[in-house]
Amino acid sequence: MVLPGVAAVLLFLLWSRWARGAVAWAVSMGGVMATMLVLKVLVSSVGRGWSGIGLNSPSGHTAAAAAFYGGLAVILRPPMTTLAAGLIATAIAVVFAATRLLLGYHTPFDVLIGGVVGVAGLLIFCRTSGPVPRALRRDRLVILLLLVGLAFHGHRLPAEGYLHRLAVTRVRPVLQFLEGRAGRIF
């Protein structure tokens, strides 16, 4: 739901002619997803249990939920202070982190990293979007998101497996090569 939801909100903001909000949304949500992608690939390429701290796979669910649902709160309930938005995003991150831990998908450090990235992305959105226009038709955004939810409910992206394969087959050999070259230099 989050990826199609992010795209739907972006299209809504563009359609509503809130250019600053659309750019802030694209940069902050894109930044969260790009950061998580890079972290997941790097951690997978060096192996599980990185540095003995239990970092296996940073939680993209936690990061995306904090940024996306926190961003929706900012858009749907203005005016909201950056502090209030940060607290809402943190609460959302805690709830999603708990589900990931209870399901056994992540370690505490995995969800901590995801939560920090997601809340940071939400704070970037808050600081760069400016005030939400009064004329913004929030009811239409809610209807659009309900339709997106109905259309994509139950669909899952196989991203985790793809990213792990990319890390092991493409990134790990490059890192090993660079490590070997650095060893010869020093």
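Below or above, wherever it landed, is the structure these notes cover. Throughout this description, residue numbers start from 1 for each chain and increase along the sequence as written. A pLDDT threshold of at least 70 governs which residues receive local features in this predicted model, and a stricter bar of 80 or more applies before side-chain atom pairs are shown or counted, although totals over entire chains, interfaces and linings include all residues. Values shown for side chains rest on all heavy atoms present in the structure; no hydrogens or waters enter the calculation.

### Overview of the overall build of the protein
Logical step 1: Strands here mean DSSP runs of E at least two residues long; helices mean DSSP runs of H or I at least four residues long; both are numbered from the N terminus. Along the backbone of the protein there are seven helices and zero strands.
Logical step 2: Starting at the N terminus, the α and β elements of the protein follow one another as α-α-α-α-α-α-α.
Logical step 3: Along the first, second and third principal axes, the C-alpha atoms of the protein reach 65 × 35 × 30 Å.
Logical step 4: A simple rule labels every residue: compare its accessible area, found with a 1.4 Å probe on the protein chains alone, to the largest value its type can have, and call it buried under 20%, exposed over 50%, or partly exposed in between. Across the 186 residues of the protein, 37% fall into the buried class.
Logical step 5: For the protein, long-range pairs separated by at least 24 residues make up 80% of all intrachain contacts whose partners lie at least 6 apart in sequence.
Logical step 6: When the accessible surface of the protein is summed, it comes to about 10,900 Å², and 70% of that surface belongs to carbon and sulfur atoms.
Logical step 7: A residue counts as positive if it is Lys or Arg and as negative if it is Asp or Glu; His and the chain ends are not included. Taken as the charge location is NZ of Lys, CZ of Arg, CG of Asp or CD of Glu. Averaging the coordinates of the 17 positive side-chain charges in the protein and doing the same for the 4 negative ones gives two points 9 Å apart. In this analysis, two residues are considered to be in contact whenever any of their non-hydrogen atoms come within 4.5 Å of each other. Areas reported as accessible are Shrake-Rupley estimates using a 1.4 Å probe. Residue values count occlusion only from the protein chains shown.

### Comments concerning helix 6 (residues 138–152)
Logical step 1: End to end, helix 6 covers 21 Å across 15 residues, agreeing with the expected 21 Å (1.5 Å per residue, within 8%).
Logical step 2: Taken residue by residue, helix 6 has Arg138, Leu141, Leu145 and Val148 as its buried positions. Looking straight down helix 6, one finds its buried side chains confined to an arc of 75°; they lie on one side. Those residues of helix 6 that are exposed and aimed more than 90 degrees away from the buried face are Ile143, Leu146, Leu147 and Leu150.
Logical step 3: Looking at the buried positions of helix 6, the neighbouring elements they touch are helix 1 (2–15) and helix 3 (60–76). To estimate the expected span of a helix, count its residues, drop one, and scale the result by 1.5 Å. The directions considered for the arc are those from the helix axis to the C-beta atoms.

### Looking at a nonpolar patch on the surface
Logical step 1: Two joining distances apply to patches: 9 Å for like charges and 5 Å for nonpolar side chains (Val, Leu, Ile, Met, Phe, Trp, Tyr), and every residue must have over 30% relative accessible area and no salt bridge. Salt bridge criterion: a side-chain nitrogen from Lys or Arg within 4 Å of a carboxyl oxygen from Asp or Glu. Residues Leu37, Val38, Leu42, Val46, Val174, Leu175, Phe177 and Leu178 make up a contiguous nonpolar surface patch of roughly 700 Å² in combined accessible area.
Logical step 2: Of all the secondary structure elements, the ones that give two or more residues to the nonpolar patch are helix 2 (19–46) and helix 7 (159–185).

### Regarding the packing of helix 4 (residues 82–102) against helix 5 (residues 108–129)
Logical step 1: Axis separation between helix 4 and helix 5 bottoms out at 9 Å; the angle between their running directions is 155°. Taken together, the axis directions place helix 4 and helix 5 in an arrangement best described as roughly antiparallel. As for the relative orientation of helix 4 and helix 5, their crossing is right-handed in sense. Facing helix 4, whose interface residues are Thr82, Ala85, Gly86, Ala89, Thr90, Ala93, Ala97, Arg100 and Leu101, helix 5 presents Pro108, Val111, Gly115, Val119, Leu122, Leu123, Cys126 and Arg127.
Logical step 2: Under the grouping applied here, Gly and all other residues not named as nonpolar or charged are polar, the nonpolar ones being Ala, Val, Leu, Ile, Met, Phe, Trp, Tyr, Cys and Pro and the charged ones Asp, Glu, Lys and Arg. Partitioning the contact of helix 4 with helix 5 into residue classes produces 11 nonpolar, four polar and two charged. Think of each axis as a best-fit line through the C-alpha atoms, taken over the contacting stretch in the case of a helix, with angles from 0 to 180 degrees between the N-to-C directions. When describing relative orientation, an angle under 35 degrees is termed roughly parallel and one over 145 degrees roughly antiparallel, while 65 to 115 degrees is termed roughly perpendicular and anything else oblique. Each crossing gets its handedness from the near helix: less than a right angle anticlockwise from the far helix is left-handed, clockwise is right-handed.

### Some points on the layout of surface pockets
Logical step 1: A 1.4 Å probe that fits into a set of points on a 1 Å grid over the protein atoms alone but cannot get out defines a cavity; an open set with protein on both sides within 12 Å along at least five of seven lines defines a pocket, and lining residues are those with an atom within 4 Å of a point. Grid points are joined across faces, edges and corners, and a volume is the space filled by probe spheres set on the points. Empty space within the second largest pocket amounts to approximately 250 Å³.
Logical step 2: For the second largest pocket, the lining is made up of 13 residues, of which Pro78, Pro79, Met80, Pro131 and Val132 are closest to its centre.
Logical step 3: Tallied by class, residues from the lining of the second largest pocket come to eight nonpolar, three polar and two charged.

### A few points about the side chain of Arg138
Logical step 1: One can find Arg138 in helix 6.
Logical step 2: Asp139 provides the closest opposite charge to the buried, unpaired Arg138, separated from it by 7.5 Å.
Logical step 3: Residues contacting Arg138, with those up to four places away along its chain left out, are Ile75, Leu76, Pro78, Val132 and Pro133.

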